[in-house]
Amino acid sequence: MKTRVERRELLTELVAMRGIVESRSTIPVLSHLLLTVRDDRLELAATDLDVSLTSWCSAEEGSCESGATAVQARKFLEIVRALADGPIELSTGDSNSLHIDAGSSRFRINGLSAEDFPTLTTVDQDSSSSSFEAPFPDFKRMIGKIIFAVSAEESRFQLNGALLKLKDGKVEMVATDGHRLALIEAEMPGVAEADGVLAPRKALLELMRFDSDETIGFRRGEHHLGFVIGRRELTCRILEGTFPDYEKVISTDNDRTATFDRGVLSEVVHRVSLLTGDRAPMVRLGFEEQSLRVSSSNPDLGEAEESLACDYAAEKLDIGLNPVYVRDFLSAVDTEQVEFALKDENSQCLGQPVGGQDFRYLCVIMPMRI
């Protein structure tokens, strides 16, 4: 194979690929990128067998000779990043080695046969059981609202992703790790109702890393999901398992409400949590008329306490919450005011933004024993 591409364009696509590549895999080829030259462009692909990403770079006209090779991803990225802007010539030599020529710089890195690279699954529009298109910034913002609640514990595989549910003219995403739950529902014109599907955490995190103003195309196959943003297509396996009946988890009788300035509450919780332990950190929220007292106590470290104003007119109430969970929710909210709906010290705290553009957004945080 042989081609000539612009360094800046190639680097942009290589950076997008780095999160997919398995750097410590027991299968050597999974630490490689597949480079394929055809149709006057350089195609790139990366996979960890569960999540795959394909993209391409335009090649200089007349510079292409068809072919393919697999090259070590991390080292290839380091080389391209170190080069100056301008054209880069790529060509294969003996034993699948890749030659990189840019200006006066010359590199040769060992590669693997393209035949050793796994066959990538794609989800075609025609074979998709459900699909939609939406502005990618809107879809990315939805992921950012719930990604913090996705479980990272591999033993709870059905919670290692978010439930993506298509409704009539709306898209809903839900995530939970058993201690908290985040749900967002936003209007997406043209979306047709379909059964929910579990999208894995890694795929969602990779989508969060993309920066694009283009449209995202969603496609659902029998065992895979496809997300198409411009020249990039991310494909992932659908998570197996049954997602919890989340609507039953969300309380409807929390009749005590408190409204705060989101930024102030986040800063106070951060300061007070500095004196919580690493294991099971907890801050105590003491609600009184028009005020909130946030405190923490640790026998090895000491104590901290701070008060702030809030709109609260119910009976006094103390509840213990994980400060990380509280701040994750507050960081995801984009309104100036937030509301907590409470019942008692043993019941969930239901956080919601006051106003905002979403049809529905909430976060359930389970209490800790005081």
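Use the structure listed above.
In this text the structure is predicted, and so the values were computed from the model without any measurement.

Draft legend 1. Local environment of the overall build of the protein chain. From N to C terminus, the protein chain includes seven helices and 26 strands. Overall, the C-alpha framework of the protein chain stretches about 75 × 50 × 35 Å when taken along its three principal axes. Here the protein chain, with 370 residues, has 50% of them falling under the buried criterion. In the protein chain, of all internal contacts separated by at least 6 residues, the share reaching a separation of at least 24 is 66%. With the model as given, the accessible surface of the protein chain reaches about 18,000 Å², and the carbon-plus-sulfur share is 43%. In the protein chain, the 41 positive side-chain charges and the 62 negative ones have mean positions that sit 4 Å from each other.

Draft legend 2. View of empty space enclosed by the protein. By the definition in use, this model includes one cavity of 30 Å³ or more. Quantified by volume, the largest cavity comes out at close to 40 Å³. In terms of lining, the largest cavity is formed by Ser 52, Leu 53, Thr 54, Leu 120, Thr 121, Thr 122, Glu 233 and Thr 235. Only strand E4 (51-58) and strand E17 (232-237) provide two or more residues apiece to the lining of the largest cavity. Broken down by element, the lining of the largest cavity gets its largest block of residues, three residues, from E4.

Draft legend 3. Region of the structure containing the sheet that holds strand E1 (residues 2-6). Within the open sheet, the four strands sit side by side as E1-E6-E7-E8. Their pairing is antiparallel. With partners counted over all chains shown, the strands left at the sheet margins are E1 and strand E8 (105-109), one partner each. The sheet shows a mean angle of 20° between the axes of neighbouring strands, direction not considered. Bridge count for strand E7 (residues 98-102) against E8 is five bridges, and the pairing is antiparallel. Bridge pairing in E8 links Leu 98 to Ile 109. Helix H1 (residues 7-17) contacts E1 and strand E6 (87-92) of the sheet and is inclined by roughly 90° relative to E1.

Draft legend 4. The arrangement of the sheet that holds strand E19 (residues 283-288) in detail. Strand order in the open sheet formed by four strands is E21-E20-E19-E23, with antiparallel pairing between adjacent strands. The sheet is open, and its two edges are formed by strand E21 (302-309) and strand E23 (317-321), each paired on a single side. Neighbour-to-neighbour, the strand axes of the sheet open up by a mean angle of 20°, direction not taken into account. In this structure, E19 lies alongside E23, joined through five bridges in antiparallel fashion.

Draft legend 5. Spatial organisation of the environment of Phe 243. The topology assignment puts Phe 243 in the loop between E17 and helix H5 (246-249). A residue is classified by how much of its surface remains accessible, and Phe 243, at 11% relative accessible area, is buried. Remark: the alpha-carbon pair of Phe 243 and Phe 157, spanning 86 residues in sequence, is separated by 9.9 Å. Setting aside anything within four residues of it in sequence, one finds Phe 243 in contact with Gln 158, Leu 159, Gly 161, Leu 163, Val 174, Ala 175, Thr 176 and Leu 198.

Draft legend 6. How the structure looks around the packing of H1 against helix H2 (residues 73-82). The N-to-C vectors of H1 and H2 enclose an angle of 145°; their axes lie 10 Å apart at closest approach. Seen from above, H1 lies across H2 with left-handed handedness. Where H1 abuts H2, its residues Arg 7, Leu 10, Leu 11, Leu 14 and Val 15 lie against Phe 76, Leu 77, Val 80 and Arg 81. When the residues that make up the contact of H1 with H2 are grouped by side-chain class, the tally is seven nonpolar, no polar and two charged.

What counts, and at which threshold
- Residues numbered from 1 in each chain as written.
- Predicted model: local features only at pLDDT ≥ 70, side-chain atom pairs only at ≥ 80, totals over all residues.
- Heavy atoms only, no water.
- Helix = DSSP H or I, 4+ residues; strand = E, 2+ residues; numbered from the N terminus.
- Buried < 20%, exposed > 50% of the residue type's maximum accessible area, 1.4 Å probe, protein only.
- Contact = heavy atoms within 4.5 Å.
- Areas by Shrake-Rupley, 256 points an atom, 1.4 Å probe, with all protein chains shown as cover.
- Lys, Arg positive; Asp, Glu negative; His and termini not counted.
- Charge placed at Lys NZ, Arg CZ, Asp CG, Glu CD.
- 1 Å grid on protein atoms, 1.4 Å probe; cavity = no way out; pocket = protein on both sides within 12 Å on 5 of 7 lines; lining within 4 Å.
- Points joined across faces, edges and corners; volume = space filled by probe spheres on them.
- Pairing = 2+ DSSP bridges.
- Axes fitted to C-alpha atoms, helices over the stretch in contact; angles between N-to-C directions.
- Left-handed = near helix turned anticlockwise from the far one by under 90°.
- Nonpolar A, V, L, I, M, F, W, Y, C, P; charged D, E, K, R; others polar.

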